[in-house]
Amino acid sequence: VPLPSFGTLGHNADLLCDWLRRQPAGPLILVSLSKAGAEVRLALAEPDAFRNVIAWINVSGLVRGTPMVNWLLRHPMRALLVRLMFWWNSYAWTGVKELTWGPTGTLAGDFRVPADLLVVHLFGFPLTRHLSRPLAQRGHRRLTPLGPNDGGANLLADLVGLPGLIY
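Residues numbered from 1 in each chain as written. Predicted model: local features only at pLDDT ≥ 70, side-chain atom pairs only at ≥ 80, totals over all residues. Heavy atoms only, no water.

Attention shifts here to the packing of helix 1 (residues 9–22) against helix 2 (residues 35–43). Their axes nearest at 8 Å, the elements helix 1 and helix 2 cross at an angle of 65°. On the basis of their axis angle, the class for helix 1 and helix 2 is roughly perpendicular. By crossing handedness, the relation of helix 1 to helix 2 is classed as right-handed. Judged by residue contacts, Leu9, Gly10, Asn12, Ala13, Leu16 and Cys17 of helix 1 engage Lys35, Ala38, Glu39, Val40, Leu42 and Ala43 from helix 2. Class assignment of the residues belonging to the contact of helix 1 with helix 2 gives a composition of 8 nonpolar, 2 polar and 2 charged. (Axes fitted to C-alpha atoms, helices over the stretch in contact; angles between N-to-C directions. Helix = DSSP H or I, 4+ residues; strand = E, 2+ residues; numbered from the N terminus. Parallel < 35°, antiparallel > 145°, perpendicular 65-115°, else oblique. Left-handed = near helix turned anticlockwise from the far one by under 90°. Contact = heavy atoms within 4.5 Å. Nonpolar A, V, L, I, M, F, W, Y, C, P; charged D, E, K, R; others polar.)

What follows is the structure in structure tokens.
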């Protein structure tokens, strides 16, 4: 599905719904990666768009937001640098803030999926030493006080209660 990588969640969810509605009749399997998990989550608010979708496979999707955004927003100089990078590349800064983690974030709370939709969430939770990139290792260490994490976005505790199967 042609979605802008740095588009806002709402805009990309609308694009996804429009794309799904334009697809010919027949079974579809929707696979999302990382931020696209949040966009599918929001798109599920329009179940008619999912009439042909028989399964959603969510690979490391940010369906609850990410504490890394909270960390970034707590560090004004780093946030300014990222914000400048976004401005330089004409990306929407709002898209980052929408990924805030916690009870007041855009992705807070539970969500529902149609009863006939198979949902499979795939996540990996390595130890810091299993990560080969220094940036991933730092992200993992930053989230470690919050519990087991995937190295930069998801916490194991946030996956409890997600609709569907969790692997």
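There's plenty left to go through after this.
This brings us to the pairing of strand 3 (residues 118–122). As judged from the 5 bridges shared by strand 2 (residues 53–59) and strand 3, these two strands associate in the parallel manner. Residue pairing in the sheet places Ile57 in a bridge with Val120 of strand 3. Looking at chain direction, strand 3 and strand 4 (residues 165–166) are connected through 2 bridges and run parallel. Looking at strand 4, one finds that His121 is bridged to Ile166. (Pairing = 2+ DSSP bridges.)

Mapped onto the elements, Gly139 comes out in helix 6 (residues 134–143). When its relative accessible area of 3% is taken as the criterion, Gly139 is described as buried. Sequence separation between Gly139 and His75 is 64 residues; the distance between their C-alpha atoms is 14 Å. When neighbours within four sequence positions are excluded, Gly139 is seen to be in contact with Met68 and Gly151. (Buried < 20%, exposed > 50% of the residue type's maximum accessible area, 1.4 Å probe, protein only.)

Moving on: the pairing of strand 1 (residues 28–33). Looking at chain direction, strand 1 and strand 2 are connected through 6 bridges and run parallel. Note on strand 2: the bridge partner recorded for Leu28 is Val53. In this view, the connection linking strand 1 to its parallel neighbour strand 2 by way of helix 2 has right-handed handedness. (Right-handed = clockwise from strand over helix to strand, strands pointing away.)

This part covers the pattern of salt bridges. Side-chain pairs of opposite charge can arise whenever the charged atoms involved come near each other. Using the criterion set out here, one finds 5 salt bridges in the structure. Where Asp48 meets Arg21, a salt bridge forms, and the shortest distance between an N and an O atom there is 3.0 Å. Placement of Asp48 in the loop between helix 2 and strand 2 and of Arg21 in helix 1 is noted, with a sequence separation of 27 residues between them. Exposure remark for Asp48: the relative accessible area of 44% places this residue in the partly exposed category. A salt bridge links Lys35 to Glu39; the shortest N-O distance between them is 2.4 Å. With Lys35 and Glu39 both in helix 2, this residue pair falls 4 residues apart, about one helical turn. (Salt bridge = Lys/Arg side-chain N within 4 Å of Asp/Glu carboxyl O.)

Each strand in a sheet pairs with another by means of backbone hydrogen bonds, the pair being arranged parallel or else antiparallel. Taken in spatial order, the 4 strands make up an open sheet running 1-2-3-4, and their pairing is parallel. Both edges of this open sheet fall to strand 1 and strand 4, since each of them pairs with a single strand only. Contacting strand 1 and strand 2, helix 2 crosses the sheet at an angle of about 130° to strand 1.

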